[in-house]
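One-letter residues, chain by chain:
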Amino acid sequence: MGFRNAWMRVRANFRRASDEQDLQDEIQFHLDQETAKHVRHGIPPDEARRRALAAFGGVERTKETYRDGRGDRPLADVGADLGFALRLLRRNPTLAGTVILTLALGMGSVVAIFSAVSAVILRPLPFTQPDRLVALWENNDVKGWRGETAAPANMLDWRERVSSFSGVEAWTNFTEEAIVVGAGDPTALRAVAVTGGFFRLLGVRPALGAGFDDGDTWSTGRRVVLLSHRAWRDKFGSDSSVVGRTLRVDGRDAEVVGVMPGSFGLPSEDTEMWTPSHWDPQDRGQDWFRRAHFMRPVARLAAGVSIEQARAELMTVMSALEREHPRINASMKADLGPLHEYLVGSTRRPLMILLGATGLLLLIACANVGNLLLVRAAAREREVVLRRALGASWGRIVRQALTESALLSLIGGTVGLAIGWWGTRVLVAWQPAGLLPVSNVQPDARVVAVVLMLCAASAAIFGTAPALWSAQRPAADALKDGMRGSSAGRKAHLWVHGLAVGEVALAVTLTVAAGLFVRSYQRLTLVDPGFVTSGTVALTLSLPTRRDDPPQALTAFYDQLLARLRAIPGVEYAALTSHVPLTATGLTMDFAIRGRGSDGAGREVLHRRMSRDYFKAMGVPLIAGRTFEDADGIGGEPVIIINQTLATRYFAGRDPIGQYIANDFTPDSSSVWRRVIGVVGDERQVAVGTPPQIEIIDPIYQDPRTGFHVVVRGRGDPSALFRPIESAISALDPMLPVLSIRTMEGIVDRSLVRERFMALLLAAFAVVGAILAVIGVYGVVAQAAQRRIPEIGIRLALGAAPAHVRWLILRHGLALTAAGAVVGSLVAFAAGGVLRQLLFGVSPRDAFTFATVIAAIVVTGVCAAWFPARRVLRRGASEVLNR
Amino acid sequence: MPESDVLRGTLDLLILKVLSAEPMHGWGVSQRIQERSRGVLDVNQGSLYPALQRLEQRGLVDSEWQVTEQNRRARYYRLTAAGRRAVGQETANWRRYVTAVEYILEA
């Protein structure tokens, strides 16, 4: 097609009306000339006109050929098809609405979850050459470490010795609530310390100001901070002059050197401030610097080095470090992996499960739509055959069917996109912290492309399948069927039933998965965390202004604080603790029991510091010995309390009370021995779903520090205590902000938010999927029952019991759902392993869940068949009467 | 057999040939083909117009609306430069074709 031709075609579309007039004029002129010629030869005008028309040979046919030749025909036809499709939709709004809503729900859920997947997993990290960045970690088979944080000394050695890395930097694995004064009221910012070259290694420049220098890694460097974009906006009113200003951060002056861009959120999206690590250069050679593991290192691969090469070199260097420091680095190994994978690691599996669930939901939706359209296609087969007989080409008929399904899919997709867009916002707003490591989750071009693809695919399948399927039937058959009023042929039957069974199967798979997560969550809520949640309030305080106070001054302050809190009406106990369970666990240590061999020594024991009344405030039972007393303070005998798990595991058959424990795996003359004075019940420290860890508890009064938490136990509603607690603290010290105040119930609840979120989301998908599947079953049964009305009328007339007739229809629904349930359970059974890692206390092949889901689906399936059965009985009877 | 249908494909050539003499409207073309063929070829007059449309799309003819001597509006077709070249070529093609057919028939 040349340009001219193409232009004429395009122009033709705009000029159709005037072209049509021209064509009319031209033919009229021709006929007039021809008639006039005949009249000139003496033929009467009427006859002349007749001859002219005969010679012309079919005015309308010529016009049609001419119009076809204009080349705008396909477009004009699309218009006609669209009009036809719209008329059909208007004539059957229930069907159209169902199809559109079904598609929209399916696509909407995919859009929402896929947006998250796209943002978290598919989008590259916003760093320079992010695929060259790797995360490093330490493994220790003896200690059972996998992917642990690295010791700073090891990390610095990697930087110096592994030539596969062009740089190694790290962030510290804990977030501190830094108290910042200098922007109105004292405020707490979540701060993370990083080594000086961290931002340069990533290739991220601050949006304002400058970053850190290599020298800032060490305490000889500057006292500076970088603000996150959000903290700058929310806490400093987006004031550019904040750069260069000096703030009081945790009681020390620090200059704000810059503001990071909004897209930067490492280690976490809610990090508000970065500080340099500020290690003392003296520490470099100290044992603790290689013993304490708290860094998350990131390295950039040197040019041309593969991950495998870097791994091999890292392992060699680590072996050398093990030989050089045999005591500290015993059996210590290191490994690395792509940074992106590492960052999304724990998010990937839940997201993929959710994506899989929405995929199942979409499949159910498509099967449902396919079924609805097939059933209708069967009903319209006669129309198609008639049009065919009247000369319509197959292409033309398929095109018309395609237009119709494309229209449905497009409307469905658009509504789905809207639902998905809204769903994404809900997802982001409700997502538990940490599920999505990024905050800018929104449907992007990729998501829209996916939806368009889904639309096109569904349109193609639903549009052509029924038409092609009727194409295979001889016209005579179809017409006969049509005459008889029973329209669907055998093939349609098979398809419709297959789709309904498939739908039920998918719904069963989805519902089983959801059921497992719901049960897992339920199990979690039933776990006894080891402490009493009702009536307890936990609050976090920091004492930056007292950082340099002598210990006696600090304990005096503690006494005042606890006395004030106890004086609040309704408060029974107030106590201090270094860590509130389920929020943070603190450092772990090695330990050894005096007079015992290696069976009396262990690693990775949790450590907390507490004040006297902690166990009473938290309702943790004393199992043996005593708890702390006022005498267990500065200068007193070093004493500790151990938890029951430690007592059972390391003192089996022995009395732990009066035994001595040191914080070294192989104690020497420098070890400090502390006497065990009591054994207390186990608290779940890490997570509700994680068994209690072995734990040693020190009296906080023997080692007072400034950052701590307070637990307050009162009568009645604990949240009613918030205000009195805050005013008591502010009366004691107006510069002492309460960083957070929460009920223990709230803390437990929040610790399960991720599991609850998964369970709720999956349950929602499952409910929608099950409803769609039941609608599918209903549609098939109702259609079949409708066809059987005459037959049933005859049966009734011949004396068949209504119960028997009802059973005929119900049996149909039962057969469909039962077949689907069998297939779906088999799939769920086979695929269950994928979920195992995310389930608590429930096997992925939990018989109860399977049985409940199957029973529920079968019962709803039979119920869905009840309505057509009732209608058929009624109609069947009246049919008989009418004859 | 006083009249015969125009061979498929030759209609375009006939139209081009007729128009090479002077611009003409559709009816004129049909009359001229009839006269020139001495009444042997009876063009189905209706099929002229799609053919003219085709030629116009191929850029071989141009059309414009003019007023006839009887003061009527009529669409006149005229050969373009490309059309003029095409007449020569198509005529040569046709002659070769006819000669070839003659050879076979006389063999």
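Residues numbered from 1 in each chain as written. Chains lettered and ligands numbered in written order. Predicted model: local features only at pLDDT ≥ 70, side-chain atom pairs only at ≥ 80, totals over all residues. Heavy atoms only, no water.

1. With respect to the overall build of chain A
Across its full length, chain A carries 27 helices and 23 strands. Taken over the C-alpha atoms alone, chain A extends approximately 140 × 75 × 55 Å along its principal axes. The buried share of chain A, reckoned over its 883 residues, is 49%. Long-range contacts, defined here as pairs at least 24 residues apart, represent 80% of the contacts in chain A between residues at least 6 apart. Averaging the locations of the 99 positively and 82 negatively charged side chains of chain A gives two centres separated by 11 Å. (Helix = DSSP H or I, 4+ residues; strand = E, 2+ residues; numbered from the N terminus. Buried < 20%, exposed > 50% of the residue type's maximum accessible area, 1.4 Å probe, protein only. Contact = heavy atoms within 4.5 Å. Lys, Arg positive; Asp, Glu negative; His and termini not counted. Charge placed at Lys NZ, Arg CZ, Asp CG, Glu CD.)

2. Side note on the interface of chain A and chain B
Counting residues at the interface gives 23 residues for chain A and 26 residues for chain B. Each partner contributes to the roughly 2200 Å² buried at the junction of chain A and chain B, and carbon and sulfur atoms together form 49% of this total. Three residues, Glu26, Phe29 and Tyr66 of chain A, lead the burial of chain A against chain B; their summed loss comes to 29% of the area buried on that side. In this structure, the connection of chain A to chain B is made through four salt bridges. Between chain A and chain B we count eight residue pairs in polar contact (both at pLDDT 80 or more) in total. Of all the elements in the fold, those that place two or more residues in the side of chain A that touches chain B are α1 (3-14), α2 (16-40), α3 (45-56) and α4 (59-70) of chain A. Among the elements that make up the side of chain A that touches chain B, the one with the highest residue count is α2 of chain A (11 residues). Classifying every residue of the side of chain A that touches chain B gives five nonpolar, eight polar and 10 charged. (Buried area = accessible area lost by both parts, 1.4 Å probe. Salt bridge = Lys/Arg side-chain N within 4 Å of Asp/Glu carboxyl O. Polar contact = N/O pair within 3.5 Å; in protein donor to acceptor, adjacent residues only side chain to side chain. Nonpolar A, V, L, I, M, F, W, Y, C, P; charged D, E, K, R; others polar.)

3. Quick look at the pairing of strand β3 (residues 73-79) of chain B
Residue and element names in this part refer to chain B. Counting buried positions over the seven residues of β3 gives five, a clear majority of the element. One ladder, built from two bridges, connects strand β1 (residues 24-25) with β3; its direction is antiparallel. Across the sheet, residue methionine 24 finds its bridge partner in β3, namely tyrosine 77. As defined by bridge partners, strand β2 (residues 61-67) adjoins β3 across seven bridges and the pair is classed as antiparallel. Note on β3: the bridge partner recorded for glutamine 66 is alanine 74. Count of turn residues in the β2/β3 antiparallel hairpin: five residues, of which asparagine 71 carries a positive phi of about 65 degrees. (Pairing = 2+ DSSP bridges.)

4. A short note on the environment of arginine 756 of chain A
If you trace the backbone, arginine 756 of chain A turns up in helix α23 (residues 753-787). The contacts of arginine 756 of chain A, once residues within four sequence positions are left out, are Tyr521 and Asp749 of chain A.

5. Considerations on the confidence of the model for chain B
Residue and element names in this part refer to chain B. Chain-level pLDDT for chain B is 82 on average; 90% of the residues reach the 70-or-more range. The element-level mean pLDDT for chain B is lowest in helix α3 (residues 45-57), coming to 84, with β3 highest at 90. In this model, residues 1-5 is a region of pLDDT below 50 whose contacts with residues beyond four sequence positions or in other chains number nine contacts. Taken together, the chains of this predicted complex give a pTM of 0.71 and an interface ipTM of 0.86. (pLDDT = per-residue confidence, 0-100.)

6. Describing a positive patch on the surface
A cluster of basic side chains, namely Arg870, Arg871, Arg874 and Arg875 of chain A, defines a positive patch on the protein surface. Secondary-structure assignment places arginine 871 of chain A in helix α27 (residues 847-882). (Patch = residues over 30% accessible without salt bridge, like charges linked within 9 Å, V, L, I, M, F, W, Y side chains within 5 Å. Areas by Shrake-Rupley, 256 points an atom, 1.4 Å probe, with all protein chains shown as cover.)

7. Quick notes on the packing of helix α2 (residues 26-36) of chain B against α3 of chain B
Residues and elements named next belong to chain B. Two elements in contact, α2 and α3, have axes whose closest approach is 10 Å; the angle formed by their N-to-C orientations is 120 degrees. Between α2 and α3, the crossing angle belongs to the class labelled oblique. For the pair α2 and α3, the crossing hand works out as right-handed. Counted together, Gly26, Trp27, Val29, Ser30 and Gln31 of α2 and Gln45, Leu48, Tyr49 and Leu52 of α3 form the full contact between these two elements. In terms of residue class, the contact of α2 with α3 is made up of five nonpolar, four polar and no charged. (Axes fitted to C-alpha atoms, helices over the stretch in contact; angles between N-to-C directions. Parallel < 35°, antiparallel > 145°, perpendicular 65-115°, else oblique. Left-handed = near helix turned anticlockwise from the far one by under 90°.)

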